[in-house]
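# Inside the fold
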Amino acid sequence: MAGPGRFVFIAGLTALAYWLAAFLSLKFSTYVAGVAAAVWLAAGIAAFASLRFGAAGVLGVLLGSFAANSLILPPGLALVIGCGAALGAALMAYLVRHLSPFSAALDYVDSVAKFALVLAPLGAAVSAVVGTAALYGFGILPFEQIGRAFWVWWLGDILGIYLVAPLLLTASRWDLLPATRRARIEGLALMLAMLLLTRLLLQYEVPMRPAEIVLFVMLPGVLWAALRFSITGASLAIFLAASIVLGMALVSYGGINPTTSPQDVFALQISMIVMALGGLFVASALTERRYSEMRLDMLANHDPLTGLPNRSYFQDFLSHTLARAQREQMQVSLLFIDLDRFKQINDTQGHEVGDQVLRIVAGRLDEQLRADDFVARLGGDEFAVVLTHPATSRAASRVANKLIRALSESFKINQRRYAIGASIGISVYPDDAADANTLLRQADLAMYQAKQRRSGFEYYSGEMNTRAQQQLMLENGLRQALDRRELALVFQPKVDLGSGRVVGLEALIRWMSRSGSLIGPRRFIPVAEETGLIVPIGRWAIRAACEQWVAWRDAGLDPPPVAVNLSPRQFGDERLAEDIDAIVLETGMDTAYLEVEITESAAMDNPERTFAMLDALRQRGLHVYIDDFGTGYSNLGQLKRMPIDALKIDKSLIDDVLLEGDAAEIATAVIRLAHTLNMRVVAEGVETPEQMAFLKARDCDEIQGFVVARPMPPEKISALFTQTFPAG
């Protein structure tokens with residue numbers, strides 16, 4: 001329902017509710033001149049309707065007040081009083097827009113203060129002023145009773161607002177009421193006790209007055225409800241307590257009538273106002289504190305970006321789940337999820353896009369899992385899922401496949417489409433481990449294997465732990481290798497196919513461990529890349545190469561340019577150019593004789609950053625080679641724009657150039673492409689004279705490989721500086 005129809009419906013419903021509340025008020029609490037009610041419940045309807053529905057509610061108040069007052073007053077007077085009630089309601093609706101922030105649910109202390117100490121008194125005052133003035137103007141109210149009539153009217157309206165409006169305004173927060181059976185029994189017992197005590201006190205030989213009952217029986221009960229049952233429970237308790245007192249007064253004394261003394265009326269009104277204010281303020285303070293605790297708990301146990309449980313919450317949940325699974329003889333599968341290609345998106349498109357990707361991933365994981373499954377974000381682009389199920393072999397496979405399919409679907413952010421993937425490692429309780437930490441570590445190991453094999457997901461096996469221990473020992477040894485001077489450089493010559501002279505050297509790292517065993521770069525370089533150790537190791541390699549070249553020069557030799565390899569992680573280091581500046585300055589290296597080699601995949605990973613870094617290196621006089629060319633996916637347009645001196649054809653192509661197939665054609669095409677772009681070409685991994693002859697016939701510029709020389713230590717490689725090699 002929308003538009004005029006909704007407006008009319010709200011106005012009509014408000015008018016009906018106002019009329020019913022006014023009818024009840026007139027039945028048991030009419031006091032001054034037969035028209036001023038000591039408790040005007042309809043004022044609560046007016047306050048609620050104006051605050052919630054605005055103009056439609058105000059119109060309903062006007063209609064309802066006119067209809068109710070027409071029962072006992074002339075139509076003209078009833079209309080004026082109705083206008084006064086509507087004007088008071090409109091004032092409250094107007095003021096609330098200028099008292100923001102204001103929570104209509106009254107669950108914050110400042111909102112209760114604005115409602116109870118500003119809106120209600122001012123709105124009730126307008127209604128009371130207009131009403132008493134109208135009664136006097138129509139000759140119904142004597143002049144000497146104007147003051148008393150105003151106070152009864154004003155307090156009656158305030159009391160009606162306090163009793164009814166909070167109950168209606170907080171109706172949207174029924175979820176805050178206790179849902180347990182014990183709490184419901186407690187609430188029912190509280191109400192019955194209040195009812196029974198009120199009945200007993202009214203039947204004493206000298207019965208207590210209603211105001212005394214409110215203060216000594218109802219107020220403690222309302223405060224108890226506020227402490228136990230939040231703002232909604234307190235509002236309900238306030239309304240029920242007032243209903244009990246007024247109902248008992250009606251039964252025992254025939255209601256509040258002109259024979260009731262003014263002192264008793266004022267005492268009852270003030271006592272009920274105190275009861276309502278006490279309950280509302282205590283309940284709102286406790287609700288506000290509960291919100292703060294919930295926010296703190298959310299911050300402590302949930303990831304602020306995705307809203308998923310964080311690592312701390314996950315650890316606690318997994319420990320409790322394993323304990324329950326042990327009691328119930330159930331099986332628990334832990335899925336460790338790591339996103340593929342997320343780092344590339346995060347680095348190239350920025351953290352804002354990366355954050356949106358993580359939120360999309362979290363949403364998809366939550367959508368695919370059952371209500372009793374558990375998903376958490378462990379940090380970065382790592383997530384975990386806990387599945388509890390009867391003992392079944394590889395029960396998590398179906399879920400893992402479903403998650404991989406869901407995460408691999410492309411998505412659009414800022415008019416651009418992206419796609420990622422996921423690698424999942426799975427460990428199972430009790431088959432693989434009995435505690436949470438071990439189970440998580442084993443799922444992590446399985447995830448790494450899934451990533452290496454590109455298999456999507458893998459289950460943990462004992463062999464993974466053995467490999468992980470070896471990897472850890474390798475990492476620990478590598479961390480100490482620099483300090484212990486266990487790393488060394490060997491050099492492999494690059495020969496010009498036209499002259500047969502050595503025109504360059506490639507510096508290669510070797511690791512002679514303390515135990516005396518030689519560890520090849522294929523074993524330790526990936527570990528260094530993964531742990532970040534490649535950056536200090538790469539920095540050491542540049543310095544060592546420069547120091548060795550300067551030592552050859554100072555010894556009177558004529559060393560050719562020396563090339564050092566930059567790993568993808570090192571090439572992405574923003575301090576790379578500054579590090580090279582410092583090394584060149586400290587060693588006295590001539591930058592014209594310093595070359596750097598980066599892999600094709602690293603160069604094309606982030607073209608814009610690559611352009612900036614290559615330009616910075618070229619400005620320093622360094623020469624740049626693209627290594628392993630032919631193994632990546634180069635964009636020829638971007639390749640043309642890059643400040644590159646040479647391409648190095650990957651060994652995997654050179655190995656097959658003499659065989660039937662595409663390798664020879666690809667190698668020939670690369671040579672032609674490089675020459676078209678005014679670049680030199682270096683073929684690496686050349687092992688036979690036949691391969692060398694093939695490359696020379698295709699106008700390849702330089703070769704490097706065993707056919708010339710194996711990598712050699714500095715003292716041996718210097719003998720080749722003046723040597724001429726047969727060039728095919």
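Now for a description of the structure that goes with this document.

The rules behind these values
- Residues numbered from 1 in each chain as written.
- Predicted model: local features only at pLDDT ≥ 70, side-chain atom pairs only at ≥ 80, totals over all residues.
- Heavy atoms only, no water.
- Phe/Tyr/Trp six-rings, centres within 6.5 Å; stacked < 30°, edge-to-face > 60°.
- Helix = DSSP H or I, 4+ residues; strand = E, 2+ residues; numbered from the N terminus.
- Buried < 20%, exposed > 50% of the residue type's maximum accessible area, 1.4 Å probe, protein only.
- Pairing = 2+ DSSP bridges.
- Axes fitted to C-alpha atoms, helices over the stretch in contact; angles between N-to-C directions.
- Salt bridge = Lys/Arg side-chain N within 4 Å of Asp/Glu carboxyl O.
- Parallel < 35°, antiparallel > 145°, perpendicular 65-115°, else oblique.
- Left-handed = near helix turned anticlockwise from the far one by under 90°.
- Contact = heavy atoms within 4.5 Å.
- Nonpolar A, V, L, I, M, F, W, Y, C, P; charged D, E, K, R; others polar.
- Expected span 1.5 Å × (residues − 1).
- Patch = residues over 30% accessible without salt bridge, like charges linked within 9 Å, V, L, I, M, F, W, Y side chains within 5 Å.
- Areas by Shrake-Rupley, 256 points an atom, 1.4 Å probe, with all protein chains shown as cover.
- Arc of directions from axis to C-beta.
- Polar contact = N/O pair within 3.5 Å; in protein donor to acceptor, adjacent residues only side chain to side chain.

Per the stated rule, a full pass over the model turns up 15 aromatic pairs. Judged by centre distance (5.5 Å) and plane angle (50°), the ring pair of Tyr108 and Tyr291 falls under tilted. Placement of the pair is Tyr108 in the loop between α4 (75-97) and α5 (109-137) and Tyr291 in helix α9 (residues 262-301), with a sequence separation of 183 residues. By relative accessible area, Tyr108 is classed as partly exposed at 26%.

Moving on: the sheet that holds strand β8 (residues 421-429). Across a sheet, paired strands are connected by hydrogen bonds in the backbone, their directions being either parallel or antiparallel. As summarised here, the arrangement of the five strands in space is β4-β5-β3-β8-β9, forming an open sheet in which the pairing is mixed. Of all the strands in the sheet, the pair left with one neighbour each is β4 (374-379) and β9 (457-459). With direction set aside, neighbouring strand axes in the sheet form an average angle of 20°. Across eight bridges, the pairing between strand β3 (residues 331-340) and strand β5 (residues 382-389) is antiparallel. Note that in β5 the partner of Asp338 across the bridge is Glu382.

Right, let's talk about the pattern of salt bridges for a bit. A complete count under the given rule lists 21 salt bridges for this structure. One salt bridge in this structure joins Arg377 and Asp303, with 3.1 Å as the shortest N-O distance. Here Asp303 lies in the loop between α9 and α10 (311-328) and Arg377 lies in strand β4, a separation of 74 residues in the sequence. For the pair shown, Arg377 and Asp303 are each scored as buried.

Glancing now at the environment of Glu574. Examined against the element boundaries, Glu574 turns out to sit in the loop between α18 (568-571) and α19 (576-587). Relative accessible area serves as the criterion here: at 76%, Glu574 is assigned to the exposed category. Taking C-alpha positions, Glu574 is 68 Å from Leu188, a pair spaced 386 residues apart along the chain.

To continue, consider the packing of helix α2 (residues 42-53) against α4. Running from N to C, α2 and α4 cross one another at 40°; their axes reach a closest spacing of 8 Å. With respect to their mutual orientation, α2 and α4 come out oblique. Relative to α4, the crossing made by α2 is right-handed. Two secondary-structure elements touch here, α2 through Ala46, Ala47, Ser50 and Leu51 and α4 through Ala89, Met92, Ala93 and Val96. Here the residues of the contact of α2 with α4 sort into seven nonpolar, one polar and no charged.

Given a rise of 1.5 Å per residue, 29 residues ought to cover 42 Å, and the 41 Å separating the end C-alpha atoms of α5 matches this to within 8%. One or two residues past the end of α5 sits Gly139, with phi positive at roughly 80°.

Taken together, the side chains of Phe7, Val8, Leu59 and Leu63 present a nonpolar region at the surface, about 340 Å² in accessible area. Listed by contribution, the elements that provide at least two residues to the nonpolar patch are α1 (4-29) and α3 (55-69). Counting through the fold element by element, Val8 comes out in helix α1.

The next thing to look at is the pairing of β5. Most of β5 sits out of view: six of its eight residues are buried. Where β4 folds back on β5, the antiparallel hairpin that results is connected by two residues, among which Gly380 adopts a positive phi of roughly 60°.

With that settled, the discussion passes to α10. Over its 18 residues, α10 runs 25 Å from end to end, which matches the ideal 26 Å to within 8%, given 1.5 Å per residue. Of all the positions in α10, only Phe314, Gln315, Leu318, Thr321, Leu322 and Ala325 are classed as buried. For α10, the arc enclosing every buried residue in end-on projection is 130°, short of the 170-degree limit, so these residues lie on one face. The exposed residues of α10 that point more than 90 degrees off its buried face are His320 and Arg327. On its buried side, α10 packs onto β3, β4, β5, β8 and α14 (436-453). N-capping of α10 is provided by Asn310, with a side-chain oxygen placed 3.3 Å from the backbone N of Ser312.

Nothing here speaks to function; it is all geometry.
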